[in-house]
Amino acid sequence: MTKNLLLSTALAAGTMIMAAMPAHAEGNKVWTGVSVMEDSYYAYIGGVRAFNGDLNKDGMLMRASFGFGSYEYDTVAVAGGEVEADQRSGDIMIGYQWVGESDRFAIYVGGAIEDHDLEQQDPNNGVHGSEGGVKVQADGYLDLMPNVKLSGLGSYTSAYETYYTNASLTYDFGMFEFGPEAGFLGNKGFNQNRYGAKLGVDLGNIDLTLNGGIAVGGRDDDEKAYGGISLAFSL
């Protein structure tokens with residue numbers, strides 16, 4: 001409880017620090033989006049700020065995000081055979097990025113909190129209640145050749161051993177980019193693989209991303225369609 005309270009305080013304080021830091025052109029980026037499947041959804045919002053005021057240069061970064069959603073799964077361990085749950089998570093991290101002419105790479109470390117509120121207590125599911133821990137993340141991209149970009153993100157949180165990875169290979173057609181993507185995510189309660197496609201649309205200061213495909217595994221260990229939409233703003 002004390003650890004979760006400290007992490008909550010740090011998350012709130014860090015978010016206020018990000019809001020209070022002077023704004024510069026291309027020094028800030030915020031994003032929001034939602035990912036959905038047949039039996040779950042997860043919505044999120046976040047932002048990153050460059051301490052030197054320029055996200056296009058090497059330097060220190062501060063990153064924070066918050067998300068919430070719900071999910072359900074089948075199990076013989078509870079009456080009725082189905083568990084419904086709400087989830088919330090938040091993190092704040094300090095990082096550093098390296099930016100080249102055709103690549104970018106960033107690493108982060110900080111704290112994170114996860115909360116899973118199960119309406120039916122499942123004795124076989126150790127992922128319930130609130131837990132805080134350390135989070136590490138790396139993300140970036142590499143231009144493999146003209147108009148072809150390899151992008152990736154990976155994170156791990158000690159809270160519930162949560163992990164998330166995603167990689168995409170896209171071709172830039174000008175106003176939009178398109179290509180295949182793959183992702184792997186989970187925690188102590190499930191593992192899931194996702195295979196699909198990603199469409200990115202350049203709307204000036206706004207980047208619109210749509211993705212979708214097939215998710216394999218998960219809490220029900222089956223196959224389901226997934227989809228998502230996100231918006232990113234440069235400030």
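Just above, that's the structure.
Residues numbered from 1 in each chain as written. Predicted model: local features only at pLDDT ≥ 70, side-chain atom pairs only at ≥ 80, totals over all residues. Heavy atoms only, no water.

Regarding the overall build of the chain
Put simply, the test is: Under the scheme used here, helices are H or I runs from DSSP no shorter than 4 residues and strands are E runs no shorter than 2 residues, and both carry numbers assigned from the N terminus. Only protein chains enter the calculation, and the probe is 1.4 Å; a residue is then buried if its accessible area is under 20% of its type maximum, exposed if over 50%, and partly exposed in between. We call two residues in contact when some of their heavy atoms are within 4.5 Å. Here, Shrake-Rupley sampling with a 1.4 Å probe gives the accessible areas, and only protein chains in the shown set may cover a residue.
Counting its regular elements, the chain contains 1 helix and 12 strands. Counting from the amino terminus, the chain carries its helices and strands in the arrangement α-β-β-β-β-β-β-β-β-β-β-β-β. Expressed as a percentage of the 235 residues in the chain, the buried residues total 40%. Expressed as a percentage of contacts within the chain between residues at least 6 apart in sequence, the contacts between residues at least 24 apart total 50%. Element-wise, carbon and sulfur atoms account for 61% of the exposed surface of the chain, whose accessible area totals about 12,300 Å².

What to know about the pairing of strand β7 (residues 148–157)
To keep it simple, the criterion reads: For two strands to pair, DSSP has to find at least two bridges joining them.
Examined bridge by bridge, strand β6 (residues 129–145) and β7 share 10 bridges and lie antiparallel to one another. Each residue of the ladder has a partner; that of M145, found in β7, is V148. Strand direction decides the pairing type here: β7 and strand β8 (residues 162–172), joined by 10 bridges, are antiparallel. Residue pairing in the sheet places L150 in a bridge with L169 of β8.

Describing the sheet that holds strand β11 (residues 206–217)
Inclusion rule: Helix axes are fitted only over the stretch in contact, all axes being lines through C-alpha atoms; the angle between N-to-C directions runs from 0 to 180 degrees.
Spatial ordering of the closed barrel is given by β1-β2-β3-β4-β5-β6-β7-β8-β9-β10-β11-β12, a layout of 12 strands whose pairing is antiparallel. Averaged over all pairs of adjacent strands, the angle between their axes in this sheet comes to 15°, without regard to strand direction. Bridge count between strand β1 (residues 28–37) and strand β12 (residues 222–234): 9 bridges; the pairing is antiparallel. Bridged to S35 within β12 is G228.

Re the pairing of β6
Where strand β5 (residues 103–118) and β6 come together, 14 bridges link them in antiparallel fashion. Note on β6: the bridge partner recorded for A106 is D139.

Regarding a negative patch on the surface
Selection criterion: Like-charged residues are merged into a patch within 9 Å and nonpolar side chains (Val, Leu, Ile, Met, Phe, Trp, Tyr) within 5 Å, provided each residue has over 30% relative accessible area and no salt bridge. When a carboxyl oxygen of Asp or Glu is within 4 Å of a side-chain nitrogen of Lys or Arg, the pair counts as a salt bridge. Residues scored as charged are limited to Lys and Arg (positive) and Asp and Glu (negative), so that His and the chain ends carry no count. To locate a charge, the coordinates of NZ of Lys, CZ of Arg, CG of Asp or CD of Glu are taken.
A contiguous patch of negative charge on the surface is contributed by D103, D143, D172, D202 and D207. Turning to its location among the elements, D172 is positioned in strand β8.

Regarding unusual backbone geometry
Despite not being glycine, Y160 has its phi angle at roughly 60°, a positive value. Tracing the sequence through the fold places Y160 in the loop between β7 and β8. What makes Y160 buried here is its relative accessible area of 2%. The phi dihedral of E161 falls on the positive side, at around 55°, and the residue is not glycine. Structurally, the position occupied by E161 is in the loop between β7 and β8. Judged by its relative accessible area of 43%, E161 falls in the partly exposed class.

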